[in-house]
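Here's the letter readout for the chains.
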Amino acid sequence: MNSAENTKNAKNAADARTARTAEPIETTDERYERGLAVLRIVGGQENPAVLDSLADIAPDLGRMTVAFGYGDVLSRPGLTLRQRQIATVGALAALGNAAPQLRFHIDGALNVGVSPAEIVEILIHTAVYAGFPAALNGIGAAREVFEARPDVAATPVDTEPLPGDRYERGLAKLAEVDGHAGDQVVASLRDIAPDLTRYIIEFAFGDIYSRSALDLKSRELASVAMCTALGTAAPQLRVHIHGFLNVGGTREEVVEVITQMVGYAGFPAAINGIGAAREVFDERDASGGEARKG
C-alpha cells in the first residue's frame, strides 16, 4: 500500500471517529433503562426474572442481556414488537436448544398481541425448516405457557380441510410467495429427487403455507428468522428473503429481522444472513426493481 493510500485511509478513519464522537454518547445506564422498559412490555413483569436468575453468578450477563438485547436491538424502530416476537418464537423453536427462552418468548408474544392460534401456527410452520421434532417440542412449550395463563383461551387450532388438489394448491402458493426463486429450487431437484420436489410443493406449500391462521408476510418473516438462526440454509434463506419482499415486506425489515438474530443465534449467523440479503437486494436491483415473480 502506497503513502497516498495510507493517508486516505487515515483520513477516512479520522472522519469516522469524528462522526461517531459528534453523536450523543449513550451511557450503559441509559441503554439499560431503555431495554428494561422493552423487557417489561414483553415479559409482563415489573422486575424481570432474568435479572434475579443471574444475580448470584453472572449479574453482568443480566445487564448485558437487558442493555444490548433489549436496549440496543429489540428497541430499534424497524419492526414492531409483535413482529419481533413472531421472529423470535420461530427462531428459538427452529434451533430447538433453548426451551426456557422459547417459553418466555411465547409468553412475550401473547403480551404484545400475538394470538394463541398464531403462535401454534408459527410452531407448525417450524416443521418445514427444522423438522417435526422441533415443531412438536415447540407445541409442548406453548402448551405449558397457555396452561399457566388463565387469560388465554387456548382452543385447538383445527382448520377445515383445504379445498382442491394438494399439488395444485401448493404450486399456486409457491408461485405467490417465492415466484421465480421457488421455481428454481423445484427445477434443481426434478432430475435427482422428484419425490422431494413433490413433497415441497404438496406439504410445505399445499398443506402448511396454505393454512389461514397466519398471514403470508408473518410466515415469511418467521421463515427468514428460522433460516438465519439455523445457519445451515443459505440458499433457502435467499429464497425466503425474496419471498418476504414479494408478499409485502421491505428491505429494512429484512435487515432488522436478520440483525435481531444476533441475540438468539450469534453474530456469525447474523453476518452470514446479511450477506445473503445483500445478494438478494443486488439481484433484484439488477433485474430492474422489486418484482421477482415468474
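Residues numbered from 1 in each chain as written. Predicted model: local features only at pLDDT ≥ 70, side-chain atom pairs only at ≥ 80, totals over all residues. Heavy atoms only, no water.

Student: Would you mind showing me how to read the overall build of the chain here?
Tutor: Of regular secondary structure, the chain possesses 16 helices and 0 strands. Relative to its 294 residues, the chain shows a buried fraction of 42%. Considering only residue pairs separated by 6 or more positions, the chain has 73% of its internal contacts joining residues 24 or more positions apart. Summing over all exposed atoms, the chain offers an accessible surface of approximately 14900 Å²; the carbon and sulfur share of this is 57%. (Helix = DSSP H or I, 4+ residues; strand = E, 2+ residues; numbered from the N terminus. Buried < 20%, exposed > 50% of the residue type's maximum accessible area, 1.4 Å probe, protein only. Contact = heavy atoms within 4.5 Å. Areas by Shrake-Rupley, 256 points an atom, 1.4 Å probe, with all protein chains shown as cover.)

Student: Mind showing me how you'd approach the pattern of salt bridges here?
Tutor: It is possible for side chains bearing opposite charge to pair when their charged atoms get close. Under the defined criterion, the tally for this structure stands at 22 salt bridges. For E26, the salt bridge is made with R34, and the minimal N-O distance between the two is 2.5 Å. Residue classification places E26 among the partly exposed residues on the basis of a relative accessible area of 40%. Ionic pairing is found between R198 and E202, a salt bridge with its closest N-O pair at 3.5 Å. With R198 and E202 both in helix α11 (residues 194–209), this residue pair falls 4 residues apart, about one helical turn. In this structure R198 comes out as partly exposed when scored by relative accessible area, which is 32%. The network of salt bridges with common partners includes R166, R169, D195, R198, E202 and D207. (Salt bridge = Lys/Arg side-chain N within 4 Å of Asp/Glu carboxyl O.)

Student: Just to check I follow, could you spell out the packing of helix α5 (residues 81–95) against helix α12 (residues 216–230) for this structure?
Tutor: Geometrically, a packed helix pair is captured by the angle between its two axes and the distance between the axes. Interaxial distance between α5 and α12 falls to 8 Å at its minimum, and their mutual angle equals 45 degrees. When the axis of α5 is compared with that of α12, the two are oblique. Once α5 is placed against α12, the crossing between them reads as right-handed. The residues of α12 that touch α5, namely those facing R82, Q83, I86, A87, G90, A91, A94 and L95, are K217, S218, L221, A222, A225, M226, A229 and L230. Across the contact of α5 with α12, the residue classes break down as 11 nonpolar, 3 polar and 2 charged. (Axes fitted to C-alpha atoms, helices over the stretch in contact; angles between N-to-C directions. Parallel < 35°, antiparallel > 145°, perpendicular 65-115°, else oblique. Left-handed = near helix turned anticlockwise from the far one by under 90°. Nonpolar A, V, L, I, M, F, W, Y, C, P; charged D, E, K, R; others polar.)

Student: Just to check I follow, could you spell out a nonpolar patch on the surface for this structure?
Tutor: A surface patch of nonpolar side chains, about 310 Å² in accessible area, is lined by F68, F267 and I271. Take F68: it is sitting in helix α4 (residues 59–74). Its relative accessible area of 32% is what places F68 among the partly exposed residues. (Patch = residues over 30% accessible without salt bridge, like charges linked within 9 Å, V, L, I, M, F, W, Y side chains within 5 Å.)

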